[in-house]
Every structure is written in C-alpha cells, then in structure tokens.
Number of protein chains: 2
Amino acid sequence: MPHAAARPVQEIRAFNRFYTNLIGALDYSRRLYVPYTLTEARVLYELNHARHLDAADLRAELTLDAGYLSRLLGKLEKDGIVERAPSTRDPRRQRITLTARGRETAALLDERSSEAVGSLLSDVPAAQRPRLAEAMRTVREILSGAEDGAARSRPFLREPGPGDLGWIVERNAALYAAEYGFNIDYEGLVARIVADFAEDHDPHLERTWIAELDGRRVGCVMCVRDDAPGTARLRLLLVEPDARGHGIGDQLVSACIDFARGVGYREMVLWTNDILGAARAIYQRHGFVLVDEKPHRSFGVDLVGQDWQLHLAGEDTP
Amino acid sequence: MPHAAARPVQEIRAFNRFYTNLIGALDYSRRLYVPYTLTEARVLYELNHARHLDAADLRAELTLDAGYLSRLLGKLEKDGIVERAPSTRDPRRQRITLTARGRETAALLDERSSEAVGSLLSDVPAAQRPRLAEAMRTVREILSGAEDGAARSRPFLREPGPGDLGWIVERNAALYAAEYGFNIDYEGLVARIVADFAEDHDPHLERTWIAELDGRRVGCVMCVRDDAPGTARLRLLLVEPDARGHGIGDQLVSACIDFARGVGYREMVLWTNDILGAARAIYQRHGFVLVDEKPHRSFGVDLVGQDWQLHLAGEDTP
DNA sequence: AATTACCCTTGACTGAGTCAACGGTACGCC
DNA sequence: GGCGTACCGTTGACTCAGTCAAGGGTAATT
C-alpha cells in the first residue's frame, strides 16, 4: 500500500481506537441508561425523534438483529414504554409508538446523556468548543456522504464578511502554488487586488461574492471596474477542488455577469491563463470569447495569458 | 441550560450516535477479528504497539475489568499468543509479552482493520480525505487534551508558505472585527501590507514568521524596514485567542527582535492601539517603550494609536 | 395459484462484561 | 519489626448483549 494513501487510513484507525475508548469511558463511568441498556436507549432515542416508526425501520436504522429487536420491544412493551400495533399499510409490519411514559423515559435518558457530554465538555476550554463542533460536523458530513448518496445542502452566494478577503488571498495562493507551482508573487498580486477592493470600491459598480456550502467557504469571484469605459472585469474566480462539480463556478460567474449587466456595464473582460482549463470551460459556457493570447513569465512559471471578453448589452438584448 | 451552551453538546451527541453506528457497521459487515473479539483485538493492538506492557497498564489504558482481562489473557496465553511473567519491578504486577505468533496475529488483525477502513475510505472522494483526517485529528486533540492534563506539543515558528500571507489577512481582519468592530478598511490595510511584503522584500532585512501549534497556524508577526534609517518595524503581531497563554506572542516578538538585532538594525518601532492590551504587555516585557500616542478614527472606530520603540544596539550591549 | 420475499416471533445458544470474594505483595507509618 | 491500607491478579457466579436458525404469516410478482 502506498504511503500517501495509507495516511488517512492510519488517521481514521487512530480515531476509531480513540473514540471507542472515549465512548466507553463516557458510558461506564456513570450509569447512563439504567434501567435500560445502550441498545434500548438508542431505540428509545430513535422513537422519540421520529414518532411511531415501524420495527423494520428501527432494524435498518440501528442495524439490529430482528430477533433481538423483537424481544427488546417486547420488554419495552411490558414496561409500558411502547405500544405495538400492526401497520395500516402493511399488516406484516409493526408500528411502534412511544407511550406518554415512554416519552418521559426517553426525555430522562436524553437529559442524562446531555449531562454526561456536558461534563466531558466542561474540561474543554470554551475557546476550543466551536472548533470541536465544527470538526465533528465535518467528519460526519464527509463520512455520511460516503455512506449514502451524498445528500448535501445547496451552495449559495453571499457578500464577503470580515476575513473573507484574506481567505480569498489564502486559497488562491495555496491552490495555484499546489497545482501549478505559482510562487509568492501571485499571492502578492491577489493581496494587492483585494487591498484595492477593500480600500476603495464603489459598491454599486464593484462587488465580491463568496460561495458557501455546508457552512464552509468554497469559492469566490470579484467584479470590478476596468480602465476601459463601460467595462467590468471579472477577477479571482476560484472554486475549492473538493467542491467542484456542483456548478459553483457557474453560479459565481452568473452572479458576476448578472450584476454587471444590471448596473449598466456594456462589456465584461477577464484575464486568465491557458493552463486553467476548468475555468476556461466555465467562461465559454457563459459566452466569453478569447480575444487575445500571449506568453509571459510570471509567478515563477512560464504561462500563456489570455484575455476573454463578453458583450453584455447589444444586438442580443430585446 | 442556555441555548448557546447546549449547541456543542447536541453536536457531540449527534456525533456519538453517528459514530457508534458507523463503527458498528464497520465491524459487523465483515468478520474483522475472527477468531478473536473486539476487546481481544484492542489488547493485541496495544501490546503490539508498546512491547510488553503490564496487565495493569492494559486495564487502565482500555478501561477493562480486572477479571475480564485476566480471563482474556488466560485465553490468549493458551493460544500461544502472549506470555505472562511477573514484573521484575513489582512481583504483584504481570508483564505481558506477545509471542512471535502473537505478533503475526496482531499484524493480521491490523491488516484486516486497515482494509476495512480502506474500503470505507474508498467511498470518500479523494479530495475530501485530507479534510477528514484533519478534522479527526482536531477532534482527538481537543478531546484528549480535555481528558488528561493537556499534553500538547510545543509551538514553533516557521517562514510563511503559499497561502500563509492570505491567512494573516484573514485572521487579522476576522479577529479585530469580532473583538473591536474594525471594518473592512482594516482588512484592506493588512492586505496591502502583505502585498507589499510579497511583491518586494529583502529577505536579509525583512521577514515574516508563522507560529504553528499541533499542525495549525496560531500566530504571526512581520519585520520590515522602516523609513527611518537603521530602523525595523514590527507589524501584524497576532495570536489566535484559543492558543493564547502558551507564550506564542513572546516567541514571535523574540524572533522578530533577534532577527532585527542580528542583521544590524539599531532601532525597532511598532504602531499599535491602546485597546490591544494583551499585545501591549508583550511589548513591555520585551523592553519596548511608549514614545507617542494620539487619537484617530480608523477602521470605523475611535482609537488611540501608540508608537512604541526599542533600542536594539547601544549602551546595554557588551 | 404458486413462488418468492419480506415481516415478525421464538427457542437455543454463544460471547461480552460485571461483581464480589480472595490470596498475595508493596508501601507508608507508627 | 508489625500493622493497616492499597493495589495486583485470579476465580466463580452471574447478567446482559447479540446471533442463528426455524417457522408462521402476509404482500408482491407472475
């Protein structure tokens, strides 16, 4: 197995060991579930959060043995925690409902579990807690995406907030350094562009967008005034590699074009380099045409710069 | 319980449910440990990675019942997997050693476990894997810090790589916006500073440092030439709030001063604002003195700017 | 009408983990 | 040197958790 590929595997295994230990410590130290067991508590949790599931659903959800679950539900029924009734849709299936008492019990277990986690959390410095929650959400998102069919939320655009311009600099520099070997000159160029934008831009004619997906910044684009009159310039289009394929680049370019057309620009231009193939495809889809091309050496590499142009107002408007 | 405090608790509980399910799915689907059990596998793992532990250590490490472990070791011994001998230091204790066959077995289980994780990972887009590993490491670090006495690694300084200058912009802007309400002008200022640095700096006389802790950027500082001859200017000192209290600020300022003195500057100056109390304390500790102070309005707030100065060469040098 | 597949139940079983009692040794303290 | 306490490992008896296979019943398919 190649070393590079083994790295995440080792990390995951270390994490699994760590977390089984942690959960063990969390559960055993106090009697979290008395008089019920962990599995019963999980069943109660599911029932309490989903209103009368079928037994088959529970089995699938918690990957339990059918016989085990059957007996388990029998016990809960005898305790007056759940009620079992044949499903109306399919008499083979069994609809499980929590009784009032069952809901109380579930709430109690819930409470205890929250307390246990709370006391664990009390040892975590408050400043670290948001990072912890964020990291856990990331793990969950990535792995649950791997399990089922990736039911992710939709990306959306917003205007930049504090730090977002810096983020644009960081990601541009880091990505192009990693992918094409750009040196620090490129980071300087991007920093200068965002500095100019931050210090002096006309919000009616110039704008920046950040694309966000699942609470994470995954792309950006900037629209500024060009020297030529009536002309807007699109700059700094970027989509994070792991977020590509969601149409985020198109969304960003569309926002840019719509904005420019809306505020009266007649032309839109942009400068890019021939090695950026993914970006070129996006520009072409939106009607940009290549108007000039010339080789240059910048950012420590030999490149071929390209000027693209798009007519915003003209014969094709009604 | 206040809502804000409950948020991370809910996140952690959701994560726990998710991860117990995941581990369950991982273990049951294939026969990972045959002919041993999960607990036995954990014991084997510990032994294989630590060379002859005492039984008591195993118990503590894996939080196992003494009786359970005793019987478990008995079984492993009978299978020729481990050997038990009284510890040389304390005859009450028992030193457990893997036999050659035990090491084989451990390696086999290791292999299988890696395979299982690998196949789980194969459903994760390659682009997401580093993020996953990173997030897991974060979770582990924060929570293990919470369990024992925070045995964190030492912070260290390094020169910036691609994206680090952008990171400086981002963190400066985000932190000062959150803590003091600075507006986008400040982000512009910082962006211009790093742009100037990136585009044109003399590496012998000007330098930037990034502080790293546990693989994460937690601070920065920049040393550049000032207009006045023989004078260096310290800029953009920053330490992440959750990493404060480790002496990182001092480390950064020391690096800056040592560098400036080493390359022959005679003075070091810096400009800051009176509201930045933590930074002031650091400057004072390193011998800076306040030489000027005047109110101004910048970044959308009313501030009192301060000029500080430090003699690098003079009567106090031998 | 027959086949197949799924749903639940039941009995019999193995494995995982707990609890309490016990003998042995180390260590601190008179 | 002797005593109490505390920890180490062992053992027996037990409960709880989970598995497997057989079986009766209904739904969907043909």
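Refer to the preceding data block for the structure.
K.L.:
Would you mind showing me how to read the overall build of chain A here?
P.N.:
Of regular secondary structure, chain A possesses 10 helices and 10 strands. Computed over C-alpha atoms, the radius of gyration of chain A comes to 28 Å, more than 25% over the 20 Å expected from 2.2 N^0.38 for 318 residues, which places it beyond the range of a compact globule. When the backbone C-alpha atoms are referred to their principal axes, chain A occupies close to 80 × 50 × 40 Å. Residues classed as buried in chain A amount to 48% of the 318 residues present. Residue pairs at least 24 apart in sequence account for 61% of intrachain contacts in chain A once pairs closer than 6 positions are excluded. Of the roughly 15500 Å² of accessible surface on chain A, 50% is carried by carbon and sulfur atoms. Of the charged side chains in chain A, 41 are positive and 48 negative, and the gap between their average positions amounts to 8 Å.

K.L.:
Can you help me understand the protein's contact with DNA strand D in this one?
P.N.:
Contacts to DNA strand D come from 20 residues, most closely from T37, T39 and Y68 of chain A together with S70 and R71 of chain B. Near the protein, meaning within 4 Å, the atoms of DNA strand D are sugar or phosphate in a fraction of 64%, with bases accounting for the rest. The side chain of R71 of chain A places a nitrogen or oxygen atom 3.2 Å from a base oxygen of DNA strand D. One nitrogen or oxygen atom from the side chain of R92 of chain B is found 3.0 Å from a base oxygen belonging to DNA strand D. Within the residue set of the surface near DNA strand D, elements represented by two or more residues are α4 (66-78) of chain A together with α3 (55-62) and α4 (66-78) of chain B. Of all the elements, α4 of chain B adds the most residues to the surface near DNA strand D, at four residues. The residue inventory of the surface near DNA strand D, partitioned by class, reads five nonpolar, five polar and 10 charged.

K.L.:
Help me understand the protein's contact with DNA strand C, please; the structure alone is not making it clear to me.
P.N.:
Taken together, 20 residues form the shell around DNA strand C, and within it R71 of chain A together with T37, T39, Y68 and P91 of chain B come nearest. Atoms of DNA strand C within 4 Å of the protein: sugar and phosphate make up 67%, bases the balance. Within the side chain of R84 of chain A, one N or O atom sits 3.0 Å away from a phosphate oxygen of DNA strand C. Separating a base oxygen of DNA strand C from a side-chain N or O atom of R71 of chain B is a distance of 3.2 Å. For the surface near DNA strand C, the leading source of residues is α4 of chain A, giving four residues. For the surface near DNA strand C, the class distribution of residues is five nonpolar, five polar and 10 charged.

K.L.:
Any chance you could explain the sheet that holds strand β2 (residues 82-86) of chain B here in plain terms?
P.N.:
Sheet strands line up and pair through hydrogen bonds in the backbone, either parallel or antiparallel. Residues and elements named next belong to chain B. Pairing is antiparallel across the open sheet formed by three strands, whose spatial order is β1-β3-β2. Whereas interior strands pair on both sides, the edge strands pair on one side only; in this sheet they are β1 (53-54) and β2. Note: β1 against strand β3 (residues 94-98), two bridges, orientation antiparallel. By the bridge assignment, L53 is partnered in β3 with I96. Against the sheet, α4 engages β2 and β3, with an angle of about 120 degrees to β2.

K.L.:
Mind showing me how you'd approach the relation of the copies chain B and chain A here?
P.N.:
The operation relating the pair of chain copies consists of a rotation about an axis and a translation along that axis. Structural alignment of chain B on chain A gives an RMSD of 0.5 Å, achieved by rotating through 180 degrees and translating 0.2 Å along the axis. Viewed as a symmetry operation, the transformation between the two copies matches a two-fold axis. Of the interface residues in chain B, 100% have counterparts in chain A that sit at the interface too, so the contact is made through matching surfaces.

K.L.:
Hey, could you run me through the pattern of salt bridges in this one?
P.N.:
When the charged atoms of two side chains with opposite charge come close together, those side chains can pair. Taken as a whole and assessed by the stated rule, the structure comprises 46 salt bridges over all chains. Across the pair R93 of chain B and D54 of chain B runs a salt bridge whose closest N-O atoms are separated by 2.6 Å. Note that R93 of chain B is positioned in the loop between β2 and β3 and D54 of chain B in strand β1, a separation of 39 residues in sequence. Its relative accessible area of 30% is what places R93 of chain B among the partly exposed residues. Owing to a relative accessible area of 12%, D54 of chain B belongs among the buried residues under this scheme. The salt bridge partner of R158 of chain B is D164 of chain B, with a shortest N-O separation of 2.7 Å. Classification of R158 of chain B by relative accessible area gives partly exposed; the value is 23%. Bridged by salt links that share partners, the residues R158, D164, E212 and R217 of chain A together with E170, R171 and E240 of chain B form one connected network.

K.L.:
What exactly am I supposed to notice about the nonpolar core here?
P.N.:
A general tendency of soluble globular proteins is for nonpolar side chains to be buried together. Within the largest apolar cluster, 108 residues are counted, with the highest numbers of intra-cluster contacts made by L234, M268 and F288 of chain A together with L234, M268 and F288 of chain B. Beyond its immediate stretch of four places on either side in the chain, M268 of chain A contacts C223, A232, L234, C256, I257, A260, F288, W308, Q309, L310 and L312 of chain A.

The rules behind the values
Residues numbered from 1 in each chain as written. Chains lettered and ligands numbered in written order. Predicted model: local features only at pLDDT ≥ 70, side-chain atom pairs only at ≥ 80, totals over all residues. Heavy atoms only, no water. Helix = DSSP H or I, 4+ residues; strand = E, 2+ residues; numbered from the N terminus. Rg over C-alpha atoms; globule rule 2.2 N^0.38 Å. Buried < 20%, exposed > 50% of the residue type's maximum accessible area, 1.4 Å probe, protein only. Contact = heavy atoms within 4.5 Å. Areas by Shrake-Rupley, 256 points an atom, 1.4 Å probe, with all protein chains shown as cover. Lys, Arg positive; Asp, Glu negative; His and termini not counted. Charge placed at Lys NZ, Arg CZ, Asp CG, Glu CD. Near = heavy atom within 4 Å. Polar contact = N/O pair within 3.5 Å; in protein donor to acceptor, adjacent residues only side chain to side chain. Nonpolar A, V, L, I, M, F, W, Y, C, P; charged D, E, K, R; others polar. Pairing = 2+ DSSP bridges. Axes fitted to C-alpha atoms, helices over the stretch in contact; angles between N-to-C directions. Least-squares fit on C-alpha atoms with pLDDT ≥ 70 in both. Salt bridge = Lys/Arg side-chain N within 4 Å of Asp/Glu carboxyl O. Core = buried A, V, L, I, M, F, W, Y, C linked by side-chain atoms within 4.5 Å.

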